[in-house]
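Chain by chain, the residues:
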Amino acid sequence: MKKKIITFISFLLLNMNNVFATPINDLEREDTAVGVISGSKNSMYYLETQTTDNLILGISYRDLRNDKSATDYYAQIRTDNETLRVIVGNRISDDHSKGYLGGAVQRELADDLEGYASLIAGSGLQELQLGANYRLTDTSDLNINLSTLSGNKSSIGIGVSCKF
């Protein structure tokens with residue numbers, strides 16, 4: 001069984017396109033998550049921390065190898081309904097800065113499995129992501145996601161995040 005899982009993950013990693021959006025993590029107050037998502041044409045690294053009960057601050061860097069690289073600075077604000085978040089951010093790419101707004105929903109799908117959907121939009125920027133986080137341990141998750149970007153670009157992403 002482990003060989004099948006490793007083969008499946010390797011296949012996904014070798015056949016990915018551009019991955020942009022940062023996964024939606026379930027953090028507790030003062031928790032920090034560090035993660036990486038990798039594919040055949042890019043790598044993404046992110047760091048986010050939950051500073052208060054309702055505010056998550058983060059930064060992500062995308063190395064698109066054959067294209068532009070981008071850095072996002074963002075905040076996720078949890079509403080009274082713990083499954084809904086408002087996202088406010090700024091993407092910097094090649095000396096251009098684009099602000100964006102969006103939202104995300106997160107829901108437990110099964111034991112150790114949470115699903116999410118996020119949508120962000122700004123000037124010339126639209127991005128939808130559907131994904132799931134599978135809890136490997138109390139401090140690490142496996143993330144698999146599907147992103148649809150402006151310009152009809154879609155991608156599959158797989159990555160790992162560690163919480164501390």
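Residues numbered from 1 in each chain as written. Predicted model: local features only at pLDDT ≥ 70, side-chain atom pairs only at ≥ 80, totals over all residues. Heavy atoms only, no water.

1. A look at the overall build of the chain
Logical step 1: Secondary structure assignment for the chain yields one helix and ten strands.
Logical step 2: For the chain, the sequential pattern of α-helices and β-strands runs α-β-β-β-β-β-β-β-β-β-β.
Logical step 3: Relative to its 164 residues, the chain shows a buried fraction of 40%.
Logical step 4: A sequence separation of at least 24 residues applies to 34% of the contacts in the chain between residues at least 6 apart.
Logical step 5: On the chain, roughly 9,100 Å² of surface is accessible, and the fraction owed to carbon and sulfur atoms is 59%. (Helix = DSSP H or I, 4+ residues; strand = E, 2+ residues; numbered from the N terminus. Buried < 20%, exposed > 50% of the residue type's maximum accessible area, 1.4 Å probe, protein only. Contact = heavy atoms within 4.5 Å. Areas by Shrake-Rupley, 256 points an atom, 1.4 Å probe, with all protein chains shown as cover.)

2. Regarding the nonpolar core
Logical step 1: Core analysis: the largest hydrophobic core is formed by eight residues, namely I24, Y74, I87, Y100, A104, Y116, I120 and L125.
Logical step 2: Counting only elements with at least two residues in this core, the list comes to β6 (96-110) and β7 (113-122).
Logical step 3: Setting aside anything within four residues of it in sequence, one finds I24 in contact with Q76, R85, I87, A104, Q106, Y116, S118 and N133. (Core = buried A, V, L, I, M, F, W, Y, C linked by side-chain atoms within 4.5 Å.)

3. Topic: the side chain of E48
Logical step 1: Topologically, E48 is positioned in strand β2 (residues 43-50).
Logical step 2: Buried charge without a salt bridge: E48, with R85 as the nearest opposite-charge side chain at an N-O distance of 5.6 Å.
Logical step 3: A polar contact is formed between the side chain of E48 and the side chain of Y74, at a distance of 2.6 Å.
Logical step 4: E48 has contacts with T22, P23, N25, L27, D31, T32, A33, I56, L57, G58, Y74 and Q76, leaving out every residue within four places of it along the chain. (Lys, Arg positive; Asp, Glu negative; His and termini not counted. Salt bridge = Lys/Arg side-chain N within 4 Å of Asp/Glu carboxyl O. Polar contact = N/O pair within 3.5 Å; in protein donor to acceptor, adjacent residues only side chain to side chain.)

4. Here's the deal with a nonpolar patch on the surface
Logical step 1: Nonpolar side chains collect at one region of the surface, where V34, L47, I59, Y73, I92 and F164 lie side by side and expose about 530 Å² of accessible area between them.
Logical step 2: Inspection of the secondary structure assignment puts I59 in strand β3 (residues 55-63).
Logical step 3: Given a relative accessible area of 34%, I59 falls into the partly exposed group. (Patch = residues over 30% accessible without salt bridge, like charges linked within 9 Å, V, L, I, M, F, W, Y side chains within 5 Å.)

5. Describing the confidence of the model for the chain
Interpreting fine coordinate detail is not advised for predicted regions of low pLDDT.
Logical step 1: Mean pLDDT for the chain: 80, with 80% of residues reaching 70 or above.
Logical step 2: Element-level pLDDT for the chain is lowest in helix α1 (residues 2-14), with a mean of 46, against a maximum mean of 92 in β7.
Logical step 3: Here residues 4-19 scores under 50 on pLDDT; set against residues more than four positions off or in separate chains, the count is 32 contacts. (pLDDT = per-residue confidence, 0-100.)

6. A few points about the side chain of Q76
Logical step 1: Mapped onto the fold, Q76 is located in strand β4 (residues 70-78).
Logical step 2: Not counting the four nearest positions on each side in its chain, Q76 is found in contact with I24, E48, N54, L55, I56, R85, V86 and I87.

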